[in-house]
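The chain contents come next:
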Protein chains: 2
Amino acid sequence: MDARTIEIKQDILSENARDGEALRFRLAERGVKMINLMASPGAGKTTTILATIKRLRDELGFAVVEGDIESQVDSKKVKDAGVPAVQINTGGACHLDIPMVEPALGLLDLDELDVVFVENIGNLVCPAEFDIGEALKVMILSVPEGDDKILKYPLMFSMCDVLIVNKCDFLELSTCDFNMDALLANMSRLNPKAKVFQISSLTGVGLDDWCDYLLGFARS
Amino acid sequence: MDARTIEIKQDILSENARDGEALRFRLAERGVKMINLMASPGAGKTTTILATIKRLRDELGFAVVEGDIESQVDSKKVKDAGVPAVQINTGGACHLDIPMVEPALGLLDLDELDVVFVENIGNLVCPAEFDIGEALKVMILSVPEGDDKILKYPLMFSMCDVLIVNKCDFLELSTCDFNMDALLANMSRLNPKAKVFQISSLTGVGLDDWCDYLLGFARS
């Protein structure tokens, strides 16, 4: 990167951070917690959102903003479950930012909501750099991706508030060489404050702890 | 994106495409086929490269250029297998481009080589936009990511020459809901010319067909 590239990038990121602070404040005034959910493609973001909402929908008002390059696949799944959803199609952009998220929030009835999940583009790199005004940054790592992802994509792991290790049902498979101890040791060095939950959003294992935490956070 | 953003992006991409053409020509003159290997984080790029080289190293000369945001994890694995490797650390950038790849190639003895695998950053979005001078674009989708990724990240699927569906051993798992027929049908609509291989680089299933194809391509 040349000096001009760096300068433009810093301008964009600092403007974005200011806008993030302002949006976070407005959502807090409305009593809404926005959760920025980030992960690789196929780590189980939508499945985890739906399993979480199914368990907590009597306690909290939920909506979902779905970010994808193309398609309505995920927002359809959410609407089919009877949950308000807005689809953002970035048409190529590899992360969500506030100019995309804010209009989507405008389509939701915030007075009815406690928690808005924003499912970011499936990407372990670029979304980590953008504040979208969220109250909580949650990342999912799925077991089949391997325990070494924390070494290769450290930014996302270092700035998340919560790490959900999903697809723990895959640990049963004899060909699975995921080393949970190595992941947890690296995580506690890199980001000791982050909460870590081990779940399978498909089988339900570990969801109780994550949902208890989320309920406490939403009511805080 | 405003008009200025689009203009800058087009300038960068067209300059990159010209450089890609020139590099491709120089590598062809040296008898080297460069393969741009792209996938999500944890789809099995390094494992597939190593399993492929193990089968074909008596027939072809191989080297690997490893692209990662940080860490030497992958190039160490390749060197441990006795294969020449060069690590590129992008320090944050979400894709490889020619100014990164060309100096890395300069560290290899091209006269000894038939095939150079370039393992791109784990990302289904950004690497698809950049020509790095490769002779072949290969993408890996792993079964645990789900069959719907083709709907959400269509650019990568539409421009690859080869799609490798990896981790087919996960299809055995009762909780696995991957629909291979749906993937193949969508792929044949989106990119009918692409070759598709179903493999498990860990168990070796399907590697024979992929290696036969690669051997033919390297000698063409």
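The rules behind each value
- Residues numbered from 1 in each chain as written.
- Chains lettered and ligands numbered in written order.
- Predicted model: local features only at pLDDT ≥ 70, side-chain atom pairs only at ≥ 80, totals over all residues.
- Heavy atoms only, no water.
- Contact = heavy atoms within 4.5 Å.
- Buried area = accessible area lost by both parts, 1.4 Å probe.
- Salt bridge = Lys/Arg side-chain N within 4 Å of Asp/Glu carboxyl O.
- Pairing = 2+ DSSP bridges.
- Helix = DSSP H or I, 4+ residues; strand = E, 2+ residues; numbered from the N terminus.
- Axes fitted to C-alpha atoms, helices over the stretch in contact; angles between N-to-C directions.
- Least-squares fit on C-alpha atoms with pLDDT ≥ 70 in both.
- Buried < 20%, exposed > 50% of the residue type's maximum accessible area, 1.4 Å probe, protein only.
- Expected span 1.5 Å × (residues − 1).
- Lys, Arg positive; Asp, Glu negative; His and termini not counted.
- Polar contact = N/O pair within 3.5 Å; in protein donor to acceptor, adjacent residues only side chain to side chain.

Visitor: For the interface of chain B and chain A, give the residues involved together with the corresponding values.
Guide: Listed by partner, the interface residues are 34 residues for chain B and 34 residues for chain A. For the pair chain B and chain A, the summed buried surface comes to about 2,800 Å²; carbon and sulfur atoms form 63% of the total. Area buried by chain B at its contact with chain A is led by Pro 41, Lys 152 and Leu 173 of chain B, which between them contribute 20% of it. Where chain B meets chain A, there are four salt bridges.

Visitor: Can you lay out the sheet that holds strand β5 (residues 136–142) of chain A for me, pointing to particular residues and giving the numbers?
Guide: All names here are of chain A. Across the sheet, which stays open at both edges, the seven strands sit in the order β3-β2-β4-β1-β5-β6-β7 with parallel pairing between neighbours. The open sheet has two edge strands, β3 (85–89) and β7 (195–198), and neither has a second partner. Ignoring which end each strand starts from, the neighbouring axes of this sheet average 20° apart. Of the strand pairs in this sheet, strand β1 (residues 33–39) and strand β4 (residues 115–119) are connected by five bridges, and their pairing is parallel. Considered in β4, the bridge of Met 34 is made with Val 116.

Visitor: Quick rundown of the relation of the copies chain B and chain A? Include the residues and the values.
Guide: Note on the identical chains: chain B maps onto chain A by a rotation of 180° and an axial translation of 0.0 Å, with an RMSD of 0.0 Å. This pairing of chains is accounted for by a two-fold axis. In this assembly the copies share their binding face: 100% of the residues contributing to the interface of chain B also contribute to that of chain A.

Visitor: For the sheet that holds strand β5 (residues 136–142) of chain B, give the residues involved together with the corresponding values.
Guide: All names here are of chain B. The sheet built from seven strands is open, its strands ordered β3-β2-β4-β1-β5-β6-β7 with parallel pairing. Sheet topology places β3 (85–89) and β7 (195–198) at the edges, where each strand pairs with a single neighbour. Taking each pair of neighbouring strands and ignoring which way they run, the sheet shows an average axis angle of 20°. With five bridges joining them, strand β2 (residues 62–68) and β3 adopt parallel strand pairing.

Visitor: Residues and numbers for the pairing of β2 of chain B, please.
Guide: Residue and element names in this part refer to chain B. Summarising burial for β2: seven of the seven residues are buried, a large majority. Residues Phe 62, Val 64, Glu 66 and Asp 68 line one face of β2 and the alternating positions Ala 63, Val 65 and Gly 67 line the opposite face, and both faces are buried. Inspection of the sheet shows β2 paired to strand β4 (residues 115–119) by five bridges, in the parallel sense. Bridge pairing in β4 links Val 65 to Val 118.

Visitor: Any details on helix α2 (residues 45–56) of chain A? Residues and values, ideally.
Guide: Between its first and last C-alpha atoms α2 of chain A spans 17 Å; for twelve residues at 1.5 Å apiece the expected length is 16 Å, and the two agree. Listing the buried residues of α2 of chain A in full gives Lys 45, Thr 46, Thr 48, Ile 49, Ala 51, Thr 52, Ile 53 and Leu 56 of chain A.

Visitor: Could you give an account of the side chain of Lys 33 of chain B, naming the residues involved and the relevant values?
Guide: All names here are of chain B. Within the secondary structure, Lys 33 sits in strand β1 (residues 33–39). For the buried Lys 33, no salt bridge is present, and the opposite-charge side chain at shortest range is Asp 114, 8.3 Å distant. Engagement of the side chain of Lys 33 in a polar contact is seen with the backbone oxygen of Phe 217, the distance being 3.5 Å. Contacts of Lys 33, omitting those with residues within four sequence positions, involve Asp 114, Val 115, Val 116, Ala 135, Phe 217, Ala 218 and Ser 220.

Visitor: Outline the pattern of salt bridges, listing residues and values.
Guide: Applying the stated rule across the entire model yields 28 salt bridges over all chains. For Arg 30 of chain A, the salt bridge identified is with Asp 111 of chain A, shortest N-O distance 3.3 Å. You can see Arg 30 of chain A sitting in the loop between α1 (3–29) and β1 and its partner Asp 111 of chain A sitting in the loop between α4 (98–105) and β4, a full 81 residues away along the chain. A salt bridge links Arg 55 of chain B to Asp 208 of chain B; the nearest nitrogen and oxygen atoms lie 2.4 Å apart. Taken together, the residues Arg 55 of chain B in helix α2 (residues 45–56) and Asp 208 of chain B in helix α8 (residues 207–219) connect sequence positions 153 residues apart. The exposure class assigned to Arg 55 of chain B is partly exposed, which follows from its relative accessible area of 39%.

Visitor: How would you explain unusual backbone geometry if you had to name every residue and give the values?
Guide: Residues and elements named next belong to chain A. Unlike most non-glycine residues, Ser 71 shows phi in positive territory, near 85°. For Ser 71, the position within the fold is in the loop between β2 (62–68) and α3 (73–80). For Ser 71, a relative accessible area of 17% translates into the label buried. The phi dihedral of Lys 167 falls on the positive side, at around 60°, and the residue is not glycine. The residue Lys 167 is located in the loop between β6 (162–166) and α7 (180–190) in this model. Given the relative accessible area of 11%, Lys 167 is considered buried.

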